[in-house]
Amino acid sequence: MKPSREQCFEQLLLGKTVKSQGWLERIRTAELEHAAILNFPSTSQDDWRFTDLSALFQYGFHPVTSYAKLTLSDIGKFLIPGAIRLVFVDGCYVAELSDVTQLGAGVTVAALADRFGDKLVEKNFGYHAPYKQDAFVALNTNFFEDGAWVHVAGEAAEPIHLLHVATKREVPSALYPRCMVVMDASSRATLIEDYVGLGDGIYFSNAVTEVVLKEHARLQHVRVQRDEKNAFHIGHCSVECGRGSIYTATSLAFGARMSRHTLHVKQQGERAEIHLNGLALIAGRQIADTHTQIDHATPRGKSIQLHKCIADDSAHAIFSGKIMVHMGATGTDSAQSSRNLLLSGKAHIDTQPQLEIFNDDVSCKHGATVGQIDAEALFFLRSRGLTEKLARNLLTHAFAAEIIAKIPVPSLVESLGRTILERMSGAHI
Amino acid sequence: MINKGSKVLLEVKNLKAEVAGVEILKGVDLTVRAGEVHAIMGINGSGKSTFSKVLAGHPDYTVTGGTAAFEGKELFALEPGERARAGLFLAFQYPVEIPGVSNSAFLRLAYNTLQTERGLEELDPLEFEDLVQEKIKIVEMDASFLSRSVNEGFSGGEKKRNEILQMAVLEPKLAILDETDSGLDIDALRIVAHGVNSLLSKDNALVMVTHYQRLLNYIVPDYVHVMDGGRIVRTGGKELALELEARGYDWLRAAA
């Protein structure tokens, strides 16, 4: 018998008790209580009204108690040459698959569990993600076993790759990837959070990331969700941007049966710049939901956002992008664009740009378009000998490529380009 | 070059076609043999651009009567990609911009699709690079246009040159140029015409759709057809174009 919504949630709450100490234990206890009070969101909540979670409720997800042994060749296709790498398999850090030999001076990339005594971790961890409002964040905070700790002072010359691998397990499993990033003043880094699956197992990946950028720090934050087709993925990322910092996020959602990514960026120092690029590319019966919020809280901030959804077959993509310009955030300059491509008559895209401005002295632009493949472009390509399918795939790829090209790691841009083409079955370019 | 004994590439008989329920072509007949250069002239709305699009298979147009055979095969039974792979090429009046697709990747994809159709080896990017570097000389195009997105941000003249570059790479049996001269300044016109001339042989053929005679100074036609009201109302030699230039179209319309 399929479990109900309540049974599914209770099963998650049972979880696995993770040993922890001191401050973390206090947070965990608080989180579990919050989670129990919060329960799953429902479509009656404004933030969830487009997002149907019922597929998730069909399963009881069990904690992971034993770990698959993987070799580097098992994950070879996901590796980024030259990158600093932490690998987590089903939530557990695997030192043998990781590579932190290229760490430069002032750069720390380590398993969170090894750093729980660190004052800097204690000072930052758990303060940014909203565990009091969000049941998923609360669940993660209570049950995560390990995660990534990234601290950059100075410049990280190589990209930092956090690879979260989910393996196929006998029962549906709950995974809790976790990440904390602290960028010191004037530091620079490129971070890649990468969620992948091996095999077609059923799992629920509930990820939380917290990022702090101090004055004039610059972070290129890439997030790739390429989970397996039976997976559920709910991710939350909270970012705080200090004075003069530049935060650039490029978030891609390709995989999972149902996914949701919430990205909340707060501009908390003058002249911080926020660039958000997003792409959801889905087919079949996939659901991909992206919720972003940018809070301009201090003067002369800048934010530029471009989000694209591509939905084929009966897929459903959702984008909600809120930009809040608070009182006192004078001279804010903000532009948001939502561009969407429907590849089938049964596909569905909901896009909801929202501007809330409590201030006169601002420049805010936003726009949204939903369209189909351009008929003239399609005819043009066919008139050059391409089959209709190949021409469609090429145009779809081109629409997606604009976002993927913003990733500052050429080998990843290339491998993701190939991934997209593989997903469009039958194509060869 | 007229050679009555050469192979018939295209034979159109009593072609009728409509767009959005309005009949535009009302019975067009045209025979094109290998080695020939044809010009189709006419005023705006005469149906000449429609004719070229119908032959290439534009989905907005519906064929309602008549036949067209391409090397003996029923053209209208083929979808646009199959027509192209059979050796038909249309140079667009308004070439389409395709952001995100590099010109060289697109050209290689189209080229390799044709190679596969012809049972020949595909070229890898390096081999294709050598080929395309030769071809861009034909249209005097800067190599930087190859790495840019297809037609994106190209001037009108650059887009038309890019069309001829595609023709040079794909080597069609029958090329149809739809108002390729429109929007070209005299230097660009000369370059484009020179490029097209260098691609002509006894085995292929060209149909130019144009409003003006000036293109015909550079690409000399064997036949000039005048279209009016969805039909070819007069066919002559290259001197007919000069007569049209001197007298306009009205005298033919009256005669028709």
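Residues numbered from 1 in each chain as written. Chains lettered and ligands numbered in written order. Predicted model: local features only at pLDDT ≥ 70, side-chain atom pairs only at ≥ 80, totals over all residues. Heavy atoms only, no water.

## Here we look at helix α5 (residues 375-382) of chain A
Then, in step 1: Burial analysis of α5(A) places six of its eight residues in the buried class, the great majority of the element.
Then, in step 2: Among all positions of α5(A), only A:Ala377, A:Leu378, A:Phe379, A:Phe380, A:Leu381 and A:Arg382 are buried. (Buried < 20%, exposed > 50% of the residue type's maximum accessible area, 1.4 Å probe, protein only. Helix = DSSP H or I, 4+ residues; strand = E, 2+ residues; numbered from the N terminus.)

## Points about empty space enclosed by the protein
All names here are of chain A.
Then, in step 1: In total, this model carries eight cavities of 30 Å³ or more according to the counting rule given.
Then, in step 2: If you add up the space inside the largest cavity, you get close to 150 Å³.
Then, in step 3: In terms of lining, the largest cavity is formed by 18 residues, of which the most central are Pro63, Val64, Phe143, Ala174 and Tyr176.
Then, in step 4: Looking at the lining of the largest cavity, the elements that each hand over two or more residues are α1 (5-14), β1 (62-63) and β7 (173-175).
Then, in step 5: Of the voids in this model, the second largest cavity is the one considered here, and its volume is about 90 Å³.
Then, in step 6: Taken together, 13 residues line the second largest cavity, and the ones lying closest to its centre are Arg223, Leu252, Ala253, His261 and Thr290.
Then, in step 7: Secondary structure elements with two or more residues in the lining of the second largest cavity: β11 (218-226), β13 (246-253), β14 (258-267) and β16 (287-296). (1 Å grid on protein atoms, 1.4 Å probe; cavity = no way out; pocket = protein on both sides within 12 Å on 5 of 7 lines; lining within 4 Å. Points joined across faces, edges and corners; volume = space filled by probe spheres on them.)

## Description of the side chain of A:Glu210
All names here are of chain A.
Then, in step 1: With respect to the element layout, Glu210 can be found in strand β10 (residues 203-213).
Then, in step 2: Looking at Glu210, the relative accessible area reads 0%, which means it is buried.
Then, in step 3: Only 2.8 Å separates the side chain of Glu210 from the backbone nitrogen of His128, close enough to count as a polar contact.
Then, in step 4: Here Glu210 is in contact with Asn124, Phe125, Gly126, Tyr127, His128, Ala129, Arg178, Cys179, Met180, Val181 and Ser238, once residues within four sequence places are set aside. (Polar contact = N/O pair within 3.5 Å; in protein donor to acceptor, adjacent residues only side chain to side chain. Contact = heavy atoms within 4.5 Å.)

## Details of the environment of A:Asp350
All names here are of chain A.
Then, in step 1: With respect to the element layout, Asp350 can be found in strand β20 (residues 348-357).
Then, in step 2: Non-local contacts of Asp350, meaning those with residues more than four positions away in its chain, are made with Phe50, His316, Ala317, Ile318 and Phe319.
Then, in step 3: Among the polar contacts made by the side chain of Asp350, one reaches the side chain of His316 at a distance of 2.7 Å.
Then, in step 4: Of note is the side chain of Asp350, whose polar atom sits 3.3 Å from the side chain of His348.

## A look at helix α7 (residues 186-199) of chain B
Residues and elements named next belong to chain B.
Then, in step 1: With 14 residues, α7 should reach 20 Å at 1.5 Å per residue; the first-to-last C-alpha distance of 20 Å fits that figure.
Then, in step 2: For α7, the set of buried residues is Ala188, Leu189, Ile191, Val192, Ala193, Gly195, Val196 and Leu199.
Then, in step 3: Where α7 is buried, its residues touch α4 (125-138), α6 (156-170), β9 (174-178) and β10 (205-210).
Then, in step 4: Here α7 starts with a cap whose side-chain oxygen sits 3.2 Å from the backbone nitrogen of Asp187, and that cap is Asp185. (Expected span 1.5 Å × (residues − 1).)

## Section: the domain arrangement of chain A
All names here are of chain A.
Then, in step 1: Its domain assignment divides chain A into domain 1 (5-269) and domain 2 (374-429).
Then, in step 2: Each of domain 1 and domain 2 was reduced to a C-alpha centroid, and the two centroids are 30 Å apart.
Then, in step 3: Contacts between the two partners involve 14 residues from domain 1 and, on the opposite side, 12 residues from domain 2.
Then, in step 4: Between domain 1 and domain 2 the total buried area reaches about 1000 Å² when both faces are included, carbon and sulfur atoms providing 76% of it.
Then, in step 5: Taken as a group, Arg226, Thr250 and Phe254 account for 43% of the area that domain 1 buries against domain 2, more than any other trio of residues on that side.
Then, in step 6: Taken together, domain 1 and domain 2 are joined by zero salt bridges. (Domains from an automatic or database assignment. Buried area = accessible area lost by both parts, 1.4 Å probe. Salt bridge = Lys/Arg side-chain N within 4 Å of Asp/Glu carboxyl O.)

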